[in-house]
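Architecture at a glance
Listed here are the chains, written in short residue letters.
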Amino acid sequence: MIHPDEKTFTSGEFAKLLGISKQAISLYERENIITPEYIGDNNYHYYSLSQYRILEIVTQLRKLNFSIKEIKDYLNHRDIEFLKKILSKKISSYQHDIFILNTYTTTLTNYFSYMEYMDNIITNQIFLEQQPKFYYIKSTEILPNIPSHEKIRARINFLKKANLTAFIINRGGWIIPQDAFKPDNKPTVIHYLAILDDSAITSNGILSPSQMYCSIAVNSNFHKDKASIIHKLLNFIQLNNLEIIGDIFILSIKNHWHTKDKNEYILKINLPVKNK
């Protein structure tokens, strides 16, 4: 046994040399990573140079976010091949983390741009505009006259099955068949819709090509004012010698995510059209 005054370090000296806390040294001792070379009558723990070398490895691996379990495993199999193995595994893990973080960053950046678009949207005015292509997925048919709670359940199940993040979910809405877009209050078959951003496009994504749309954004309850809104759109289409060429997209632009006041909600109705 080495005398504590010779070639040994107290836990405080160890901590200072390694830039860690005395509590960390106590943890490594409890985890049986290091063992005191000597315990003095004053109950001070003294450690040898070999313990310092072990702690040097431990502290450096901890800085690289290796777990205590991973470190103990390496110390029990310490050689260059095992070191290559655990470093390679950690690199793969970090590369995956980077991919996930980049995906989150892209999603949030796109959503931030979307909110800036939301702030500048003009309501209650009809536009004829060429819109860029986008990808979306849609639910199975939601039949008319089913109870509201069943519609909610169907929408939740659709979004769960689609496995989309909340930020992508809120770029969604409904699809109404072209032949059902009439200025009456009769219930119609619809599909729920979720628009995909670039980070979420899947093999199930449906391409809506870049095309001309007749569109209007309204900050009212579409279901309540459906007849007058549709009548206004159809009159515009007739006056401009246009015809509808596909199903109608009703997009939720501003909703419960963005305001507590339902009167501030904004929907955008998009009708794909062409000149007659």
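For the structure, see preceding data.
Residues numbered from 1 in each chain as written. Predicted model: local features only at pLDDT ≥ 70, side-chain atom pairs only at ≥ 80, totals over all residues. Heavy atoms only, no water.

Quick look at helix α2 (residues 22-30) now. All of the buried residues along α2 are Ala24, Ile25, Tyr28 and Glu29. For α2, the buried positions fall inside an angular range of 145° around the axis, keeping them on one side. Those residues of α2 that are exposed and aimed more than 90 degrees away from the buried face are Gln23 and Arg30. Check the buried side of α2 and you find it contacts α1 (11-18), β3 (45-47), α3 (49-63) and α4 (68-76). Of the residues trailing α2, Asn32 is marked for its positive phi of about 60°. (Buried < 20%, exposed > 50% of the residue type's maximum accessible area, 1.4 Å probe, protein only. Helix = DSSP H or I, 4+ residues; strand = E, 2+ residues; numbered from the N terminus. Arc of directions from axis to C-beta. Contact = heavy atoms within 4.5 Å.)

Judged by nonpolar contacts, the single largest core of 28 residues is most densely connected at Phe181, Phe222, Leu233, Ile269 and Leu271. Of all the secondary structure elements, the ones that give two or more residues to this core are α6 (148-162), β7 (191-196), β9 (211-218), α8 (222-239), β10 (242-244), β11 (248-254) and β12 (266-275). Top contributing element to this core by residue count: α8, with 5 residues. Not counting chain neighbours up to four residues away, the residues in contact with Phe181 comprise Ile176, Phe222, Ile230, Leu233, Leu234, Ile248, Ile269 and Leu271. Phe14, Tyr28, Phe66 and Leu75 belong to the second largest nonpolar core, which has 20 residues in total. (Core = buried A, V, L, I, M, F, W, Y, C linked by side-chain atoms within 4.5 Å.)

Let's shift gears to unusual backbone geometry. Look at Asn32: it is not a glycine, yet its phi comes out positive at around 60°. Its location among the elements puts Asn32 in the loop between α2 and β2 (38-39). Residue Asn32 is classed as exposed on the basis of its relative accessible area, which comes to 64%. Residues other than glycine seldom take positive phi values, yet Asn43 does so here, at roughly 70°. Within the secondary structure, Asn43 sits in the loop between β2 and β3.

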